[in-house]
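# Structural features, examined
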Amino acid sequence: MKPFLAAAVLFLSAPLAASTPGPLHTLAERSGFERTGRYDETVALCAAFQRRHPDAVRCLDFGTTPEGRPMKVLVVSRSGALTPEAARERGIPVVLMQGGIHAGEVDGKDAGFLALREVLHGRAAPGALEHLVWLFVPVFNVDGHERFGPWNRPNQRGPEQMGWRTTAQNFNLNRDYAKADSPEMRAMLRLVGEWDPIATIDLHATNGARFEHDISIQVEPLHGGDEGLRAAGRSLRDRTIADLEAQGSLPLPYYPSFEDYEDPASGFEDGVSPPRFSTGYFLLRNRLAMLVETHSWKEYPVRVRITRNTIVSVLEQVARHGREWMALVASSRCVTSLCRASPPRSPSCSCCRYPVSLPSGLTRSTTSRHRLPKPSPTSSTPTRSRRCAKRR
C-alpha cells in the first residue's frame, strides 16, 4: 500500500475502531471492516436497538421475500411520532434511508447501524431525532444479500464476502420502481405510501469504473420537477457535499456515468433518470431523492466512514429544513393524473395528502455533460467492459 493511501485509510477508519465492541456493534466493526454480517445479524440488531432504546426505536417487518425472509425497517425518532399517523398529525418530516438495494453494495447497512448507534447516543447529529422520523432499511434486497460469495463484486475492495446484485427472482430492484414487478418493491412502495417520506436516500457503491473521487451525491428534483423543490434539492446536495469535503472526502455532484460508456473520452452525463430508478421515481412523487455512490475501489472502512458521514449530514439537514421542504410540496400544484396512472397493484401516490407537481424536462435534452480532455496520441486509455461502466 502506498504511504499516502495507508495514511488516508488510517485517518478515515480510525474512529470506526475506537469504541469497544458491544451488542449493538456489527461484525464489520468487530472484524476491523474485513467482513460484513449475514442477514440474521440485521434481524438481531434491529431487535436489539428496539430493546435498548424502546422510547426511540421500533423494529418492524414491512414485507416478506420470495424465499420467506422478513424485510426489516427501523423506525427511529425522539419526537414521539413512531407511527405514520402520528408523524402526519404532528407534521414531522420523515426521511427513508435504504441500503442493499444491490446487495453486494453493503456500505449502507454497516454505515447505517454505526450512525444509528452514534445518533441515539448523542455523538452524532445531536438533537436531530427530536425533529424527524428516520426510517432505516438496512438491506432492501434481502434474498440477494444471502447469496453470499467472495467474487460477487470483483471490482470492489472489501468486505471479504458480500451479497448478489439481483433478487432470488433475478429482479434488479433499482430498475423496478415504476413497474413494481417484484414482491420486494411492492412491499417498499407500501412502506413509502404509509409514511410518505419527504426524502429518500439510496445507498450504493459504484459498479467498477476507477476514478479519483471517493463518493458521488446526486439529488432530484434538481434537473427536473417542481421549481421550489429543485432549489431544495440543490441545497441538500450542496450542503451534503460541503459537509463531506470538511471531513476530508472528495465528492462529485453527479454520478460519473460516461455519455458513451464504451468511450471514457466522451465525458460524463448528468441528467434525470427514468422512473425505474429511485431518483427518477421519487421525482414523480414530488419528493426529494438522493443517490449516494461510494467508490468501490476505496477500502471498505473508508467507504463505510464516508457513507456514515453522509447519513449524519442528511439527518441534520432534514431536522433543520424538513418542514420547509414539506411546505414547498404542500404549496405545489396537484396533478391527479399521476395518481390515476399508477399501476393498480402499486400503492396510490400521495398527491391528495401532499400535492404532486408534474415534473418538466424529463428528456435527455436536460442532460448536462462533463467533458474529459481528449487523450493524446501517445496516451493509453484503459478498455472497459460494458458492465463495468454501466450506470449503477
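Residues numbered from 1 in each chain as written. Predicted model: local features only at pLDDT ≥ 70, side-chain atom pairs only at ≥ 80, totals over all residues. Heavy atoms only, no water.

### Points about the packing of aromatic side chains
Both the distance between ring centres and the angle between the ring planes are used here to describe each pair of aromatic rings. In the structure shown here, the tally under the stated rule is nine aromatic pairs. Measuring from centroid to centroid gives 5.3 Å for Phe113 and Phe136, while their planes differ by 80°, and the two rings are edge-to-face. Of this pair, Phe113 sits in helix α5 (residues 107-120) while Phe136 sits in strand β4 (residues 133-137), and the two are 23 residues apart along the sequence. An identical accessibility class is assigned to Phe113 and Phe136; each is buried. (Phe/Tyr/Trp six-rings, centres within 6.5 Å; stacked < 30°, edge-to-face > 60°. Helix = DSSP H or I, 4+ residues; strand = E, 2+ residues; numbered from the N terminus. Buried < 20%, exposed > 50% of the residue type's maximum accessible area, 1.4 Å probe, protein only.)

### Thoughts on the confidence of the model for the chain
For the chain, per-residue confidence averages 84 on the pLDDT scale, and 79% of positions sit at 70 or higher. Across residues 1-15, confidence stays below pLDDT 50; counting only partners more than four residues off in sequence or on other chains, it has 14 contacts. (pLDDT = per-residue confidence, 0-100. Contact = heavy atoms within 4.5 Å.)

### Topic: the packing of α5 against helix α10 (residues 300-331)
Axis separation between α5 and α10 bottoms out at 8 Å; the angle between their running directions is 55°. When the axes of α5 and α10 are compared, the pair comes out oblique. Note on packing geometry: the crossing formed by α5 with α10 is right-handed. Across from Asp107, Gly108, Asp110, Ala111, Gly112, Leu114, Ala115, Glu118 and Val119 in α5, the residues of α10 making contact are Tyr300, Arg303, Val304, Arg305, Thr307, Arg308, Ile311, Val312 and Leu315. In terms of residue class, the contact of α5 with α10 is made up of nine nonpolar, three polar and six charged. (Axes fitted to C-alpha atoms, helices over the stretch in contact; angles between N-to-C directions. Parallel < 35°, antiparallel > 145°, perpendicular 65-115°, else oblique. Left-handed = near helix turned anticlockwise from the far one by under 90°. Nonpolar A, V, L, I, M, F, W, Y, C, P; charged D, E, K, R; others polar.)

### Section: the packing of helix α3 (residues 39-52) against α5
Two elements in contact, α3 and α5, have axes separated by 12 Å at closest approach and are oriented at 10°. Between α3 and α5, the angle falls in the class roughly parallel. Taken together, the residues of α5 that come into contact with α3 (itself represented by Thr42, Leu45 and Phe49) are Lys109, Phe113, Leu116, Arg117 and Leu120.

### With respect to the sheet that holds β4
Reading across from one edge, β1-β2-β4-β3-β5-β10-β6-β7 is the order of the eight strands in this open sheet, with mixed pairing throughout. In the strand order of this sheet, the two ends are held by β1 (57-64) and β7 (251-252), each with one partner. Both strand β6 (residues 215-220) and strand β10 (residues 288-294) contribute to a ladder of six bridges, which runs antiparallel. Looking across to β10, one finds that Ile217 is bridged to Val292. Running at roughly 145° to β4, α5 makes contact with β1, β2 (70-76), β3 (94-99), β4, β5 (199-205) and β10 of the sheet. Against the sheet, helix α8 (residues 227-246) touches β6, β7 and β10, its axis set at about 165° to β6. (Pairing = 2+ DSSP bridges.)

### Observations regarding the pairing of β1
Both β1 and β2 contribute to a ladder of seven bridges, which runs antiparallel. Each bridged residue has a counterpart across the sheet, and for Asp61 the counterpart in β2 is Lys72. Linkage of β1 to β2, two consecutive antiparallel strands, is achieved through a turn of five residues, within which Gly68 is found at a positive phi near 90°.

### Re the nonpolar core
Counting residues in hydrophobic clusters, the biggest one holds 56 residues, and the most contacted among them are Phe49, Leu74, Val95, Trp134 and Leu315. With twelve residues, α10 is the single largest residue contributor to this core. (Core = buried A, V, L, I, M, F, W, Y, C linked by side-chain atoms within 4.5 Å.)

### Some remarks on α3
Compared with the 20 Å implied by 1.5 Å per residue over 14 residues, the 20 Å span of α3 between its first and last C-alpha is a close match. For α3, every residue scored as buried is listed here: Tyr39, Glu41, Thr42, Leu45, Cys46, Ala48 and Phe49. Those residues of α3 hidden inside the fold are in contact with α2 (27-30), β1, β2, α5 and α6 (142-145). (Expected span 1.5 Å × (residues − 1).)

### Some thoughts on the pattern of salt bridges
Summed over the entire model, instances satisfying the criterion amount to 15 salt bridges. A salt bridge links Lys179 to Asp176; the shortest N-O distance between them is 2.9 Å. Among the residues examined, Lys179 registers a relative accessible area of 36% and is labelled partly exposed. By relative accessible area, Asp176 is classed as buried at 0%. With a shortest N-O distance of 3.0 Å, Asp238 and Arg237 are connected by a salt bridge. (Salt bridge = Lys/Arg side-chain N within 4 Å of Asp/Glu carboxyl O.)

### Things to note about α5
Taking 1.5 Å as the rise per residue, α5 with 14 residues should run 20 Å; its terminal C-alpha atoms sit 20 Å apart, in good agreement. Counting buried positions over the 14 residues of α5 gives 14, a clear majority of the element. Directly beyond the C-terminal end of α5, a positive phi value near 80° is found at Gly122.

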